[in-house]
Amino acid sequence: MSEALLVQEAGAAPVAAPASGARQFWLRLRAQRAAAVAAAVVLLLLLAALAAPLLAALAGQDPDTYHPDLVDSAAGGVPIGSFGGISADHWFGVEPQTGRDLFARVVYGARVSLGVAVAATVLQVAIGLVVGLAAALGSRWIDQVLSRITDINVALPLMVIALALLAIVPPSFPRPVLIALVIGGINWAGTSKIVRAQALALKSLDFVSAARLAGRGRWSIARRELLPSLAAPVITYAALLFPVNITVEAALSFLGVGIKPPTPSWGQMLTEADTWYQSAPTYLLIPAGLLFVTVLSLTVLGEGVRTALDPRAASRLRIGTGRKERKERGERTKERAS
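Conventions used here
Residues numbered from 1 in each chain as written. Predicted model: local features only at pLDDT ≥ 70, side-chain atom pairs only at ≥ 80, totals over all residues. Heavy atoms only, no water. Helix = DSSP H or I, 4+ residues; strand = E, 2+ residues; numbered from the N terminus. Buried < 20%, exposed > 50% of the residue type's maximum accessible area, 1.4 Å probe, protein only. Contact = heavy atoms within 4.5 Å. Areas by Shrake-Rupley, 256 points an atom, 1.4 Å probe, with all protein chains shown as cover. Core = buried A, V, L, I, M, F, W, Y, C linked by side-chain atoms within 4.5 Å. 1 Å grid on protein atoms, 1.4 Å probe; cavity = no way out; pocket = protein on both sides within 12 Å on 5 of 7 lines; lining within 4 Å. Points joined across faces, edges and corners; volume = space filled by probe spheres on them. Phe/Tyr/Trp six-rings, centres within 6.5 Å; stacked < 30°, edge-to-face > 60°. Axes fitted to C-alpha atoms, helices over the stretch in contact; angles between N-to-C directions. Left-handed = near helix turned anticlockwise from the far one by under 90°. Nonpolar A, V, L, I, M, F, W, Y, C, P; charged D, E, K, R; others polar. pLDDT = per-residue confidence, 0-100. Patch = residues over 30% accessible without salt bridge, like charges linked within 9 Å, V, L, I, M, F, W, Y side chains within 5 Å. Salt bridge = Lys/Arg side-chain N within 4 Å of Asp/Glu carboxyl O. Lys, Arg positive; Asp, Glu negative; His and termini not counted.

K.L.:
Sorry if this is basic, but what is going on with the overall build of the protein here?
P.N.:
The helix and strand inventory of the protein stands at 14 helices and two strands. Within the protein, the fraction of its 338 residues that count as buried is 43%. Long-range contacts, defined as pairs at least 24 residues apart, comprise 73% of the intrachain contacts of the protein with a sequence gap of at least 6. Summing over all exposed atoms, the protein offers an accessible surface of approximately 17400 Å²; the carbon and sulfur share of this is 66%.

Encoded structure:
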């Protein structure tokens, strides 16, 4: 979903949190089969990332130990054995040239890729909330200034600025933290626009007017009255930002300005694998496949969250419901005819 569409939807009518509470949200989310499967996949990936040391220990490997005896130095470092050296000791095979265990590097790389995406998303949402609420609740002059700053931020090319910033920062600065700060500090304008449009619509409602007449300050109204109603659109947009941030981190690492070796990340592994796709295809296919599955699952889950938080919205990711919808439309048509 584009930012413009989200802002348009947010500005059209306030999307308040469902009155029935969290239980109804979970029931609606579970009722969507695609979203439930995507949530299970995302949960499995998060657990694998958190348990990376345990999983690597179970495999009897670690991500930094070299195994030169497992690669053919005469052939340029190609892994010995079929499918990149897959064996009982090395479940995903080994890395070309170094012989490092690929399974251990993949699960440790998940910690970096997912951790950067989570931190960047939290920073984007925090900045967007503050700027959007300040623009909606401030004076006309403050609104104009913050809106113009937001418009300028929207026009900034994220990848170009990120490449420039990451190229000039000293290597001693922790790279995952730097990437999260760069992505979150640049790409917050979409959240700000949604929050501003939604808060402006909520300001005219009776419960906000009553709080204002009771003498409560602007930020007290924002904290107690507006933030609960902003939860649904903000959570929805954050769920859509998460896979985007994973892709950005992978792209920056692939371009050589992201995560630096020996720290593993999926994007950094793809950078090194581009010359081995013929002699060791698993070295390319495994991180690329995991990245694809992660982004796809998060996108489907984000769409499911959007539909569960706003039952009036039709899901664009319905699978296997076409026949049921046609049957329901036919029954409604018969009822109208009778």
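K.L.:
Can you help me understand the nonpolar core in this one?
P.N.:
In summary, soluble globular proteins display a tendency toward joint burial of nonpolar side chains. By size, the foremost hydrophobic cluster in this structure holds 32 residues, and its most contacted members are Leu29, Ile246 and Tyr283. Elements supplying a minimum of two residues to this core: α2 (22–31), α3 (33–50), α5 (102–137), α11 (218–254), α12 (266–273) and α13 (281–309). It is α13 that contributes the most residues to this core, nine residues altogether. Of all hydrophobic cores here, the second largest spans 16 residues; its members include Val116, Leu158, Leu166 and Ala180.

K.L.:
I'm lost on the layout of surface pockets in this one. Help?
P.N.:
Rolled over the atoms, a probe sized like a water molecule indicates the empty space that remains. In this structure, the second largest pocket occupies an estimated 390 Å³ of space. Around the second largest pocket sit 19 residues that line it, and Val42, Ala239, Leu298, Leu301 and Val305 are the ones nearest its centre. When residues of the lining of the second largest pocket are traced back to their parent elements, those giving at least two are α2, α3, α5, α11 and α13. Counting residues per element, the lining of the second largest pocket draws most heavily on α3, at five residues.

K.L.:
Explanation requested: the packing of aromatic side chains in the structure shown.
P.N.:
What the rule picks out here adds up to two aromatic pairs. Seen in terms of ring centroids, Phe92 and Phe103 are 5.2 Å apart; in terms of plane orientation they differ by 85°. Their pairing is edge-to-face. In this pair, Phe92 sits in the loop between β2 (78–79) and α5 while Phe103 sits in helix α5, placing the two residues 11 residues apart along the sequence. Taken together, Trp91, Phe92 and Phe103 form an aromatic cluster joined through their ring pairs.

K.L.:
How should I be thinking about the packing of helix α7 (residues 158–168) against helix α8 (residues 175–186) in this particular structure?
P.N.:
What describes two packed helices is the angle between their axes and the distance between those same axes. Close contact between α7 and α8 brings their axes to 10 Å; oriented N to C, the two are set at 145°. Two packed elements cross with a definite hand, and for α7 against α8 that hand is right-handed. Judged by residue contacts, Leu158, Ile161, Ala162, Leu165 and Leu166 of α7 engage Arg175, Leu178, Ile179, Val182 and Ile186 from α8. When the residues that make up the contact of α7 with α8 are grouped by side-chain class, the tally is nine nonpolar, no polar and one charged.

K.L.:
Teacher, can you tell me more about the confidence of the model for the protein here?
P.N.:
Regions with low pLDDT should not have their predicted coordinates read in detail. In the predicted model, the protein carries a mean pLDDT of 80, and the fraction of residues at 70 or more is 85%. Scored below 50 in pLDDT, residues 1–20 shows 40 contacts in the model against residues more than four places distant or in partner chains.

K.L.:
For this particular structure, what's the right way to read a nonpolar patch on the surface?
P.N.:
Together, Trp141, Ile142, Val145 and Ile149 make up a nonpolar patch on the protein surface, roughly 390 Å² of accessible area in all. Mapped onto the elements, Val145 comes out in helix α6 (residues 140–155).

K.L.:
What is the right way to read the pattern of salt bridges from this model?
P.N.:
Between side chains of opposite charge, a pair can form when the charged atoms approach closely. Per the counting criterion, the structure on display carries six salt bridges. Note that Lys193 is salt-bridged to Asp151, the shortest N-O span being 2.9 Å. Here the residue Lys193 occupies a position in helix α9 (residues 189–203), and Asp151 occupies one in helix α6, the gap between them amounting to 42 residues. The network of salt bridges with shared partners includes Asp64, Glu95, Arg100 and Arg105.

K.L.:
Just to check I follow, could you spell out the environment of Gly85 for this structure?
P.N.:
Within the secondary structure, Gly85 is located in the loop between β2 and α5. Distance in space between the C-alpha atoms of Gly85 and Pro96 is 9.4 Å, their sequence separation being 11 residues. Leave out the neighbours within four places in its chain, and Gly85 touches Pro79, Ile80, His90 and Gly93.

K.L.:
It is not clear to me how the side chain of Ser253 should be interpreted in this structure. Could you clarify?
P.N.:
In this fold, Ser253 is placed in helix α11. For Ser253, the residues in contact, after removing those within four places along its chain, are Gly258, Ile259, Ser265, Gly267, Gln268 and Thr271.

K.L.:
Could you clarify how one ought to interpret the side chain of Glu249 in this entry?
P.N.:
Structurally, Glu249 is set in helix α11. Summary of buried charges: Glu249 has no salt-bridge partner, and the nearest side chain of opposite charge, Arg175, is 9.5 Å away. Contacts of Glu249, omitting those with residues within four sequence positions, involve Ser113, Val116, Ile179, Ile183, Ile259 and Ser265.

K.L.:
Hey, could you run me through the packing of α11 against α12 in this one?
P.N.:
Here α11 crosses α12 at 35°, and the two axes come no closer than 7 Å. Two packed elements cross with a definite hand, and for α11 against α12 that hand is right-handed. Facing Ala250, Ser253 and Phe254 of α11, the residues of α12 in contact are Gly267, Gln268, Leu270 and Thr271. Partitioned by chemical class, the residues of the contact of α11 with α12 number three nonpolar, four polar and no charged.

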